[in-house]
Amino acid sequence: MNLGDHALGILFAALASLAWAAFSFLVKMALRDAPVLRVTAWLTTLNALLVTLLALAIVPRASFTPKAQATFLWVALAGVLHIGISRSFFYVAIHRLGPNRSVPVAMSYPFVTALLAWPLLGEPLTLRTVAGLAVLLLGISCIVRSAPAQSAGDRGAPPGWRTRGWIAAGVTSVLWGISAIFFKRASLDIHPVAVASFALIVGAAVAWMIAAGEALRSDLPPIPRRAWPWLLAASVFQATAVPAYSYALKHTLAVNVTAIVSAQPLVALLIGWLFLRASENITPLLCAGALLTVAGTLIVVF
């Protein structure tokens, strides 16, 4: 592999990891006084628009057309599960727990993929996978037992408010782990950025349906004006991460990209410590938990 290409791939992977970590904090700021499901719908729509424009600019038209009819199914499943449904859970987790507690749990999804690949794809369940799970669970245990973030959202909240945040983070990991298989299958047929564009369009439609259903059940307030700058910035950061990740895979080995992106909880810790130290409540136990979840994920991946 050309050294220049390798360095460029590492740079793109680092950019994707940083953009996704920063994105989670921007979402937290947007959600301070805004309804989670409405923010999810708007943010996914903006993300779909930006990534689609980028895909039309950089992806050859032939790379948008799948050769197999099943590709449409994989893209639809990825959009529904990874985008439409999982983002609703992920943003609930960010809102209730903060990025430094929700991101490590959600980013444990490679283990879910490895575990599901055993019965579904016939891939072996190795001792390394089991060891990675043990380290991962120890890390999650440390994060759960660490002192909570200081959030204005839990003032006067009913019992179990934070518990539902942990459940949402866990569901996010499971959904990301399942849909990773669908993304991989679709990306074998059409360009990864085109897959992301199609999946985001499907996901945006699902997110709006979820928001509309909640609006019928209860009164969803509008997004306050002060939340929109954070929401727009978040959409730009996430739209930056998608092609950066794709180009990282193009210029360097997948194992290098996975290692850097899997370290996202550590990047989130650094951002939280630098800019939101008081509200995120960065503790030694939280740091140890983030390190262990990253280590457990890397053991499974490699």
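Scroll up for the structure.
All of these numbers come straight from a predicted model, not from anything done at the bench.

Caption draft 1: Representation of the layout of surface pockets. By volume, the second largest pocket amounts to about 290 Å³. Considering the residues around the second largest pocket, the lining is formed by 15 residues, among which Ala34, Pro35, Val36, His95 and Arg96 are closest to the centre. Sorting the residues of the lining of the second largest pocket by element identifies helix 2 (36-58), helix 3 (70-97) and helix 8 (192-217) as the ones contributing at least two each. Residue contributions to the lining of the second largest pocket peak at three residues, all from helix 3. Here the residues of the lining of the second largest pocket are counted per class, giving eight nonpolar, two polar and five charged.

Caption draft 2: Quick peek at the state of the cysteines. What the rule picks out here adds up to zero disulfides. The closest cysteine sulfur to the non-disulfide-bonded Cys142 is located on Cys287, 11 Å from its own sulfur. When its relative accessible area of 7% is taken as the criterion, Cys142 is described as buried. Using a relative accessible area of 28% as the deciding quantity, one classes Cys287 as partly exposed.

Caption draft 3: The packing of aromatic side chains, seen in detail. Throughout the structure, instances matching the rule amount to seven aromatic pairs. Residues Trp42 and Trp228 carry aromatic rings whose centres are separated by 5.4 Å and whose planes lie at 75° to one another, so their mutual orientation is edge-to-face. With Trp42 in helix 2 and Trp228 in helix 9 (residues 228-251), this pair connects stretches of sequence that are 186 residues apart. Accessibility expressed as a relative area gives 33% for Trp42, which makes it partly exposed. Ring plane angle 40° and centroid distance 6.2 Å describe the contact between Phe90 and Tyr91, whose orientation is recorded as tilted. Since its relative accessible area comes to 7%, Phe90 is described here as buried. The class for Tyr91 is buried, based on a relative accessible area of 1%. Chaining the aromatic ring pairs together yields one cluster made of Phe23, Phe90, Tyr91 and Trp176.

Caption draft 4: Representation of a nonpolar patch on the surface in the model. On the surface, Leu115, Trp118, Leu125, Leu127 and Val130 cluster together into a nonpolar patch covering about 490 Å² of accessible area. For the nonpolar patch, the secondary structure elements donating two or more residues are helix 5 (109-121) and helix 6 (127-145). Tracing the sequence through the fold places Trp118 in helix 5. A relative accessible area of 47% means that Trp118 is categorised as partly exposed.

Caption draft 5: Structural detail: the nonpolar core. Counting 30 residues, the largest nonpolar core has Val27, Leu43, Phe90, Tyr91 and Leu231 as its most contacted members. Among the elements that make up this core, the one with the highest residue count is helix 1 (residues 3-30) (eight residues). The contact partners of Leu43, leaving out residues within four places of it in the chain, are Phe23, Val27, Tyr91, Leu231, Ala234 and Ser235. In terms of nonpolar packing, the next biggest core, distinct from the first, is built from 23 residues, Ala55, Trp74, Val75 and Leu81 among them.

What counts as what
Chains are numbered independently. Their residues run from 1 in the order of the written sequence. The model is predicted, so local features are restricted to residues of pLDDT at least 70 and side-chain atom pairs to those at 80 or more, both for listing and for counting; the totals for chains, interfaces and linings are taken over all residues. Where side-chain values are given, they derive from all heavy atoms of the structure, hydrogens and water being excluded. Buriedness for pockets is judged along seven lines, at least five of which must meet protein on both sides within 12 Å for an open set on the 1 Å grid over protein atoms alone, while cavities are sets there where a 1.4 Å probe fits but cannot get out, and lining residues have an atom within 4 Å of a point. Grid points are joined across faces, edges and corners, and a volume is the space filled by probe spheres set on the points. Helix and strand definitions follow DSSP, with helices as H or I runs of at least four residues and strands as E runs of at least two, each counted in order from the N terminus. Lys, Arg, Asp and Glu make up the charged group, whereas Ala, Val, Leu, Ile, Met, Phe, Trp, Tyr, Cys and Pro make up the nonpolar group; the residues left over, Gly among them, are polar. In this description, a disulfide is simply a cysteine sulfur pair whose atoms lie within 2.5 Å. Burial classes: relative accessible area under 20% of the type maximum marks a residue as buried, over 50% as exposed, and values in between as partly exposed (1.4 Å probe, protein chains only). We call Phe, Tyr and Trp rings a pair once their centres come within 6.5 Å, taking the six-membered ring for Trp, and we label the pair stacked below 30 degrees between planes, edge-to-face above 60, and tilted otherwise. Like-charged residues within 9 Å of one another, or nonpolar side chains (Val, Leu, Ile, Met, Phe, Trp, Tyr) within 5 Å, are grouped into patches, provided each residue has over 30% relative accessible area and no salt bridge. In short, Shrake-Rupley with a 1.4 Å probe defines the accessible areas, and a residue's cover is counted only from the protein chains shown. The term salt bridge refers to a pairing of a side-chain nitrogen on Lys or Arg with a carboxyl oxygen on Asp or Glu at a separation within 4 Å. Side-chain atoms within 4.5 Å are what join buried Ala, Val, Leu, Ile, Met, Phe, Trp, Tyr and Cys residues into a set we call a nonpolar core. Any two residues whose heavy atoms approach within 4.5 Å at even a single point are treated as in contact.

Interpretation in functional terms is not warranted from these geometric data alone.
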